[in-house]
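# Reading the structure
What follows is each chain in one-letter form.
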Amino acid sequence: MPAIEIFPIRAFNDNYVWTLIKDGYAVVVDPGEAAPVLKFLAERKLTLAAILNTHHHADHVGGNEDLLRHRTVPVYGPDDDRIASVTQRVHEGDRFTLEEIGLELSVLEIPAHTRSHIAFFGDDLLFCGDTLFACGCGRLFEGTPRQMYDALAKLAALPDRTQVYCGHEYTLSNIRFARAAEPDNPLLAVWELEAAAQRDRDEVTLPSTIGREKSANPFMRCDQAGVIASASKRAGRALGDPVSVLTEIRDWKNNF
Ligand SMILES: [Zn+2]
């Protein structure tokens, strides 16, 4: 059985529409715009089989309706009226099978970036939108630091080999912040060189893995001495719990 090919269709400045391809069918994740997706499907002679949405932001769902005019397919997404085109509103623990590409996915509710944000997980693949980024996390538009802490802990519990497909190419700037947040983590300098070389060649730095994120992403390391120390230094007081550390470094990153 041939494996699923996962291709990043580029959209806007730094969005990726992750496209899962098998046997002439394609499933797209977070199509913020339709034009590059339709171009890719035509070039590769692929039939759209389904759309997955992680959250309601326009740069993740803006292409839904044009794609549905092209072909009627199921749209799996959060239970949130702000995405009118979702046909399958899914919840924590739901499982469904994308028959055309032979992939079963389960749903994780991870509110924080938005209040109804979800992720899709299956076959060691994670599509996590704007919650977990390579070496970073999303901004807290509709959630609290505690919710982001819980969401990242839920994702950290997935197997280390899980491949992390996030919504944006933010890796290099995230690593540069991580080096300030945890200066004594030797993995960050190595990753920065790797990611910088990839960007110089205009390559995608993704997917990451859960194992790598747990060892290098400061937002997943709010209980580690180096991150606690730098967050406490910025706060001007000793931060005693990981949610306070996450609160501090999220604010630091916003102003970095
Ligand atoms: Zn977003």
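Everything below is about the structure shown above.
Report on the accompanying structure. (Residues numbered from 1 in each chain as written. Predicted model: local features only at pLDDT ≥ 70, side-chain atom pairs only at ≥ 80, totals over all residues. Heavy atoms only, no water.)

## Looking at the nonpolar core
Taken as a class, soluble globular proteins show a tendency for nonpolar side chains to be buried jointly. Put simply, the test is: The term nonpolar core refers to a set of buried residues drawn from Ala, Val, Leu, Ile, Met, Phe, Trp, Tyr and Cys, joined through side-chain atoms within 4.5 Å. The buried label goes to any residue with under 20% of its type's maximum accessible area, the exposed label to any with over 50%, and the partly exposed label to all in between, with areas taken from a 1.4 Å probe on protein chains only. Counting from the N terminus, the helices are DSSP H or I runs at least four residues long and the strands are E runs at least two residues long.
Residues Trp18, Phe96, Phe120, Leu126, Phe127 and Leu155 are the most contacted members of the largest nonpolar core, which totals 63 residues. Ranked by residues supplied to this core, first place goes to helix H5 (residues 171–181) with five residues.

## Looking at the pairing of strand E7 (residues 95–98)
Along any regular strand the residues' side chains alternate between the sheet's two faces. Rules: Pairing between two strands requires that DSSP report at least two bridges joining them.
Here E7 shows one buried face, formed by Phe96 and Leu98, and one open face, formed by Arg95 and Thr97. Pairing analysis gives four bridges linking E7 to strand E8 (residues 103–109), with the strands arranged antiparallel. Paired with threonine 97 across the two strands is glutamate 104, which belongs to E8. From the end of E7 to the start of E8, which pair antiparallel, there are four residues, and glycine 102 there has a positive phi angle of about 65 degrees.

## Some thoughts on the sheet that holds E8
Spatial ordering of the open sheet is given by E7-E8-E9-E10-E13-E14, a layout of six strands whose pairing is mixed. Two strands close off the open sheet at either side, each with one partner strand: E7 and strand E14 (208–209). Bridge count between strand E10 (residues 125–127) and strand E13 (residues 163–165): three bridges; the pairing is parallel. When the bridges of E13 are listed, phenylalanine 127 appears paired with tyrosine 165.

## Description of the pairing of strand E1 (residues 5–11)
By the bridge criterion, seven bridges tie E1 to strand E2 (residues 15–22) in an arrangement that is antiparallel. Looking at the pairing, proline 8 lines up with tryptophan 18 of E2. What sits between the antiparallel neighbours E1 and E2 is a turn of three residues, in which phenylalanine 12 has the positive phi angle 50 degrees.

## What to know about the packing of aromatic side chains
Centre distance and the angle of the planes are the two values used to describe a pair of aromatic rings. The criterion, for reference: Working definition: a ring pair exists when centres of Phe, Tyr or Trp rings (six-membered ring for Trp) sit within 6.5 Å. Plane angles under 30 degrees give stacked, over 60 give edge-to-face, the rest tilted.
Enumeration according to the criterion identifies 10 aromatic pairs in this entry. Ring centres 6.1 Å apart and planes at 25 degrees place the aromatic pair phenylalanine 177 and phenylalanine 219 in the stacked group. Separated by 42 residues along the polypeptide, phenylalanine 177 in helix H5 and phenylalanine 219 in the loop between helix H7 (210–216) and helix H8 (225–235) bring together distant segments of the chain. Considered together, phenylalanine 177 and phenylalanine 219 belong to a single accessibility category, that of buried residues. Arranged with centres 5.3 Å apart and planes meeting at 85 degrees, the rings of phenylalanine 177 and tryptophan 252 form a pair that is edge-to-face. Here the residue phenylalanine 177 occupies a position in helix H5, and tryptophan 252 occupies one in helix H9 (residues 242–254), the gap between them amounting to 75 residues. Counting every residue linked through ring pairs, the aromatic cluster contains Tyr16, Trp18, Phe127 and Tyr165.

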